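So you can see what is in the structure, the chains are spelled out below.
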Amino acid sequence: MKLIFLGPPGAGKGTQSERMCADYGVVQLSTGDILRANRKAGTELGQKAQKFMDAGELVPDQIIIDMIKEELKKPELSKGYILDGFPRTVPQAQALDKLLEDMGQKLDTVLVLEVPNEELVKRLTARRVCRVCGKSYHLIFKPPLKEGICDQPCGGELYQRDDDKEGPIMNRLKVYEDQTFPLIDYYSSKNLANKIHGLGEIGDIYSRIKTVLDKF
Ligand code: AP5
Ligand code: MG
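Residues numbered from 1 in each chain as written. Chains lettered and ligands numbered in written order. Predicted model: local features only at pLDDT ≥ 70, side-chain atom pairs only at ≥ 80, totals over all residues. Heavy atoms only, no water.

Trainee: Would you mind going over the nonpolar core with me for this structure?
Mentor: One broad trend across soluble globular proteins is that nonpolar side chains are buried collectively. Ile4, Leu72, Leu83, Leu96 and Tyr187 are the most contacted members of the largest nonpolar core, which totals 29 residues. Among residues more than four places away in sequence, those in contact with tyrosine 187 are Ile4, Pro87, Ala93, Leu96, Leu107, Val110, Leu192 and Ala193. Within the second largest apolar cluster, 19 residues are counted, among which are Phe5, Leu124, Ile205 and Ile209. (Core = buried A, V, L, I, M, F, W, Y, C linked by side-chain atoms within 4.5 Å. Buried < 20%, exposed > 50% of the residue type's maximum accessible area, 1.4 Å probe, protein only. Contact = heavy atoms within 4.5 Å.)

Trainee: Where do I start with the pairing of strand β4 (residues 109–114) in this structure?
Mentor: Where a strand is regular, its side chains alternate between the two sheet faces. The buried fraction of β4 is high, at 5 of 6 residues. Pairing analysis gives 4 bridges linking strand β1 (residues 2–6) to β4, with the strands arranged parallel. Looking across to β4, one finds that phenylalanine 5 is bridged to leucine 111. Relative to strand β8 (residues 193–197), β4 runs parallel, the two being bridged by 5 bridges. (Helix = DSSP H or I, 4+ residues; strand = E, 2+ residues; numbered from the N terminus. Pairing = 2+ DSSP bridges.)

Trainee: Help me understand the packing of helix α4 (residues 61–71) against helix α5 (residues 90–103) in this model?
Mentor: α5 packs onto α4 with a crossing angle of 25° between their chain directions and a minimal axis gap of 10 Å. Comparing the axis directions of α4 and α5 gives the class roughly parallel. Considering how the two elements wind past one another, α4 and α5 form a crossing that is right-handed. Side by side, α4 and α5 meet where Asp61, Ile64, Ile65, Ile68 and Lys69 of the first sit next to Pro91, Gln92, Ala95 and Leu99 of the second. Residues that form the contact of α4 with α5 fall into these classes: 6 nonpolar, 1 polar and 2 charged. (Axes fitted to C-alpha atoms, helices over the stretch in contact; angles between N-to-C directions. Parallel < 35°, antiparallel > 145°, perpendicular 65-115°, else oblique. Left-handed = near helix turned anticlockwise from the far one by under 90°. Nonpolar A, V, L, I, M, F, W, Y, C, P; charged D, E, K, R; others polar.)

Trainee: How should I be thinking about the sheet that holds strand β3 (residues 81–84) in this particular structure?
Mentor: For sheets, the rule is that strands pair by backbone hydrogen bonds, running either parallel or antiparallel. Taken in spatial order, the 5 strands of this open sheet run β2-β3-β1-β4-β8, and their pairing is parallel. Here the strands that pair on one side only, and so sit at the sheet edges, are β2 (27–30) and β8. Strand-to-strand twist of the sheet, defined as the mean angle between neighbouring strand axes without regard to direction, takes the value 25°. Here β2 runs beside β3; their pairing, made up of 4 bridges, is parallel. Paired with serine 30 across the bridge in β3 is aspartate 84. The strands that helix α9 (residues 202–213) touches are β1, β4 and β8; relative to β8, the one it contacts most, it runs at about 160°.

Trainee: Before we go on, may I ask you to explain the pattern of salt bridges in this structure?
Mentor: Any two side chains of opposite charge can pair if their charged atoms end up close together. Following the criterion strictly, the structure yields 17 salt bridges and no others. With a shortest N-O distance of 3.0 Å, arginine 161 and aspartate 163 are connected by a salt bridge. Judged by relative accessible area, which is 10%, aspartate 163 ranks as buried. (Salt bridge = Lys/Arg side-chain N within 4 Å of Asp/Glu carboxyl O.)

Trainee: Got a minute to help me understand the site of ligand 1 in this structure?
Mentor: The environment of ligand 1 is formed by 35 residues, the closest being Thr15, Glu57, Arg88, Arg127 and Arg172. Here an oxygen atom of ligand 1 sits 3.0 Å away from a polar atom, N or O, in the main chain of glycine 12. Arginine 161 places a polar side-chain atom, nitrogen or oxygen, 3.2 Å from an oxygen atom of ligand 1. Protein chains shield 97% of the accessible area of ligand 1, which is 1000 Å² for the free molecule. Elements that contribute at least two residues to the shell around ligand 1 include exactly α1 (13–24), α2 (31–41), α6 (117–125), β6 (136–138) and α9. Per-element accounting of the shell around ligand 1 gives the leading share, 4 residues, to α2. For the shell around ligand 1, a count of residues per class yields 14 nonpolar, 11 polar and 10 charged. (Near = heavy atom within 4 Å. Polar contact = N/O pair within 3.5 Å; in protein donor to acceptor, adjacent residues only side chain to side chain. Areas by Shrake-Rupley, 256 points an atom, 1.4 Å probe, with all protein chains shown as cover.)

Trainee: Where do I start with a nonpolar patch on the surface in this structure?
Mentor: The grouping of Leu139, Ile140 and Phe141 at the surface amounts to a nonpolar patch, some 330 Å² of accessible area in total. Considering the arrangement of structural elements, one finds leucine 139 in the loop between β6 and β7 (158–159). With a relative accessible area of 45%, leucine 139 lands in the partly exposed category. (Patch = residues over 30% accessible without salt bridge, like charges linked within 9 Å, V, L, I, M, F, W, Y side chains within 5 Å.)

So, in structure tokens, the structure goes:
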């Protein structure tokens, strides 16, 4: 199964991908996570991406396209993958079409997680992420068992992403509206878009996703 997971910042793409990977044996490819790992490792890519990410702006298309081209070659993706956070612009979507065509691959579906802005702000401002494994928590909706510490065996420290502060959040929401929202039409015209109502309990939203995925 090969799919794109589209949705605004804080919609729950990472949260739901975790369950999908466990149930369907696919790999999550989150461009945000890859960029953050590069920043942590101090690579040239990470350094180039830093100022855009902290301001809630998109990293330039060509940097992202070159990065995803390398990622898609990895053998662990042979069982299928979830593209989380990519594509985010029409030029990225067009580049992906070309890459997939060259590799003889086809997308099964594009999931579009729909959540109103007011709820996104609530989810993002109280998100905390593990410094070691990247698992995400919410101070109220999905708290860790022990305050400030990841529940996973890594026991990593939880931190707040720089772009989860109010200024960058507002910018990310605007960037989504302006640059990523048009992709819903792009994939609807290819009959690939499946809209998912993204409000409610995490498990209930996952059931809605499963109803769509079990068709593939
Ligand atoms: P990225 O890391 O992709 O961030 P994003 O798209 O803004 O999405 P998030 O990771 O913030 O949200 P999510 O949907 O995964 O939500 P989550 O599951 O964590 O990108 C970061 C930056 O990298 C970009 O701004 C850009 O600079 C750069 N970048 C990345 N890809 C790029 C690209 N293709 N092109 C250019 N630049 C790129 O959930 C959020 C919170 O809500 C959590 O606390 C969670 O516990 C909670 N939650 C989840 N579901 C529910 C629920 N049902 N009820 C209550 N709480 C919930
Ligand atoms: Mg995410």
